[in-house]
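Listed below, chain by chain, are the residues.
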Amino acid sequence: MRLMIAFTTIAAALALSIFAARASADGLNKSASTGLYWSTAKEEGDLVAKADAAGDSSLLWDDDDENHRDFDAGGFSSLDGMLQWAIGHSDPSKLKEAAKDVQHLSPDELKKRHMEIKACQELMEKLKMPSDAQLMRIAIDDLKNSSLPSEDRLRALEELSILVEPIDNANELHKLGGLIIVIKQLNHPEQEVRTASALILGKACQNNPVVQKQVLELDALAKLIKMARSEFVEEAIKALLAISALIRNNFVGQELFYAEAGELMIQDILSNSSIDIRIQKKSVLLVADLAECQLENGSNPEPHFFHNHFFLRSVVDLLASVDLDLQEKALYAVKNLLQLRTEALVFKEFCGLDAALEKMRQQLQQLVMEENYSEYAKDVETLRGEVERIFIGKLNKDTQFPT
């Protein structure tokens, strides 16, 4: 990332100088000193004129051009590619002025410009961007160094968390030996390192069955569940994020989650009114995900904790929160739980869902009148009404045909 910033800054700064040297050539000549072909000033001028007329320097190159792809891939395959990118990201009017000024340069001055281009070529080679795989190896090698200072260790983890976002890179993490190293960091004495490591696992596992399987086989889930109970808020949040990504739509992961008493961890969080609200939000979203996954695969036995009265009440109690976002997330969880083989009477008599929904309706009526909350409150009310209809329907069905 730092190399990319440095590279693009230098490329833009050199644009006028290189362009001017190109524009100074008469006809199409080949330089014996650099082996480069020079376009005529007329050809470059035509490009600038078109861009200037349109007010858009992006006309100086084709979106499908190889040079454009070179930059998107993290580097340039040639000096010509760097020049085209630099021209395309420069002010057309300044390029036009440079093209006129350079026509009056003496042969010695032109030779000096050509030498500058040669120097640029050498600089480009030094600044050539490494591939993502190379950058990942660098970060992984840093993490393997037990004497690495904490600041450098955190920097390596931060860079790795960015690099694993593309699914192809995430799939390479284990092959490069990075997954084992990152999981090892979950036991690091500094909570910042543990937090950053959990974030990497969460990003790598997101909608990625391949990495999910690898992380589960490396026994990281139990450690993440323990981290979710951390007194450090950010550590708990990132651990819950990683857990959610790891077991979402993954029945093996969910079975291991229950085997590690993960549902007790969730219940403790939801029933603790003094805990940070962001942790509660992550936890209730995890409940909604687990219940939704169960609904989509109804043939599988329902986990016992979905029928635990105290657990259900801890979810319903969140509807009384003063935080509208938490209320909305709790509504999604209740909606999914109601559609399982849970008992409507438990929701009514033990959890007090009917009273909670009515109280929420009155609260939302007030919020609809407030400009800052009006639209959001309407959306939440729509969801609340849907939950109420499902609840009443389930209650009527269970009353008429008790199970």
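Higher on the page you've got the structure.
Here the structure is a predicted model, which means the values were calculated and not measured.

1. Structural notes on the overall build of the chain
Broken down by element type, the chain carries 22 helices and 2 strands. Expressed as a percentage of the 403 residues in the chain, the buried residues total 46%. For the chain, the proportion of contacts with a sequence separation of at least 24, taken over those separated by at least 6, is 68%. A total accessible area of about 20900 Å² is found for the chain, and carbon and sulfur atoms account for 52% of it.

2. Some thoughts on the packing of aromatic side chains
The final tally for this structure, using the stated rule, is 5 aromatic pairs. Each ring, one from Phe257 and one from Tyr258, has its centre 5.7 Å from the other, and the planes form 65°; the classification is edge-to-face. In this structure, Phe257 and Tyr258 share a single accessibility class: buried. In textbook terms, an aromatic cluster arises when at least three aromatic residues are bridged by ring pairs, as seen for Phe257, Tyr258, Phe305, Phe306 and Phe311.

3. What about the nonpolar core?
Judged by nonpolar contacts, the single largest core of 88 residues is most densely connected at Leu160, Ile243, Phe257, Phe311 and Leu337. If near-sequence neighbours (up to four positions away) are discounted, Leu337 is found in contact with Val287, Ala291, Phe306, Phe311, Leu312, Val315, Thr342 and Phe347.

4. Observations concerning the side chain of Arg153
Mapped onto the elements of the fold, Arg153 is located in helix H8 (residues 150-163). Within the buried set, Arg153 has no salt-bridge partner at all; the shortest N-O distance to an opposite charge, 7.3 Å, is to Glu190. Within the structure, Arg153 has its side chain in polar contact with the side chain of Gln185 (distance 3.3 Å).

5. Points about helix H21 (residues 353-368)
Taking 1.5 Å as the rise per residue, H21 with 16 residues should run 22 Å; its terminal C-alpha atoms sit 22 Å apart, in good agreement. Of the positions making up H21, those classed as buried are Leu353, Ala356, Leu357, Met360, Leu364 and Leu367. Angular distribution of buried residues about the axis of H21 spans 95°; they occupy a single face of the element. Exposed and facing more than 90 degrees away from the buried side of H21 are Ala355, Lys359 and Gln366. Buried residues belonging to H21 abut helix H18 (309-316), helix H19 (324-338), helix H20 (344-350) and helix H22 (374-400).

6. Some thoughts on the packing of H19 against H21
Close contact between H19 and H21 brings their axes to 13 Å; oriented N to C, the two are set at 145°. When the axes of H19 and H21 are compared, the crossing they make is left-handed. Mapping the contact onto sequence places Leu324, Gln327, Leu331, Val334 and Leu338 in H19 and Leu353, Leu357, Met360, Gln363, Leu364 and Leu367 in H21. Of the residues contributing to the contact of H19 with H21, the split by class is 9 nonpolar, 2 polar and no charged.

7. Details of H22
Over its 27 residues, H22 runs 39 Å from end to end, which matches the ideal 39 Å to within 8%, given 1.5 Å per residue. All buried positions along H22 are accounted for by Ser374, Ala377, Val380, Leu383, Arg384, Gly385, Val387, Phe391, Lys394, Leu395 and Asp398. Contacts made by the buried residues of H22 are with H19, H20 and H21.

8. Regarding the environment of Asp398
In this structure, Asp398 sits in helix H22. Taking C-alpha positions, Asp398 is 6.7 Å from Ala344, a pair spaced 54 residues apart along the chain.

9. Looking at the pattern of salt bridges
With the rule as written, the count across this model stands at 21 salt bridges. Residue Lys329 is joined to Asp325 by a salt bridge in which the shortest nitrogen-to-oxygen separation is 2.7 Å. Linking Lys329 with Asp325, this pair stays in helix H19, spanning 4 residues, or about one helical turn. The class of Lys329 is buried, set by a relative accessible area of 16%. Classification of Asp325 as partly exposed rests on a relative accessible area of 23%. In this structure, Glu388 engages Arg384 in a salt bridge whose closest nitrogen and oxygen atoms are separated by 3.4 Å. Placement of the pair is Glu388 and Arg384 together in helix H22, with a separation of 4 residues, close to one helical turn. Taking the relative accessible area as the measure of exposure, Arg384 reaches 2% and is therefore buried.

Parameters and conventions
Residues numbered from 1 in each chain as written. Predicted model: local features only at pLDDT ≥ 70, side-chain atom pairs only at ≥ 80, totals over all residues. Heavy atoms only, no water. Helix = DSSP H or I, 4+ residues; strand = E, 2+ residues; numbered from the N terminus. Buried < 20%, exposed > 50% of the residue type's maximum accessible area, 1.4 Å probe, protein only. Contact = heavy atoms within 4.5 Å. Areas by Shrake-Rupley, 256 points an atom, 1.4 Å probe, with all protein chains shown as cover. Phe/Tyr/Trp six-rings, centres within 6.5 Å; stacked < 30°, edge-to-face > 60°. Core = buried A, V, L, I, M, F, W, Y, C linked by side-chain atoms within 4.5 Å. Lys, Arg positive; Asp, Glu negative; His and termini not counted. Salt bridge = Lys/Arg side-chain N within 4 Å of Asp/Glu carboxyl O. Polar contact = N/O pair within 3.5 Å; in protein donor to acceptor, adjacent residues only side chain to side chain. Expected span 1.5 Å × (residues − 1). Arc of directions from axis to C-beta. Axes fitted to C-alpha atoms, helices over the stretch in contact; angles between N-to-C directions. Left-handed = near helix turned anticlockwise from the far one by under 90°. Nonpolar A, V, L, I, M, F, W, Y, C, P; charged D, E, K, R; others polar.

Distances and angles like these do not, on their own, reveal function.
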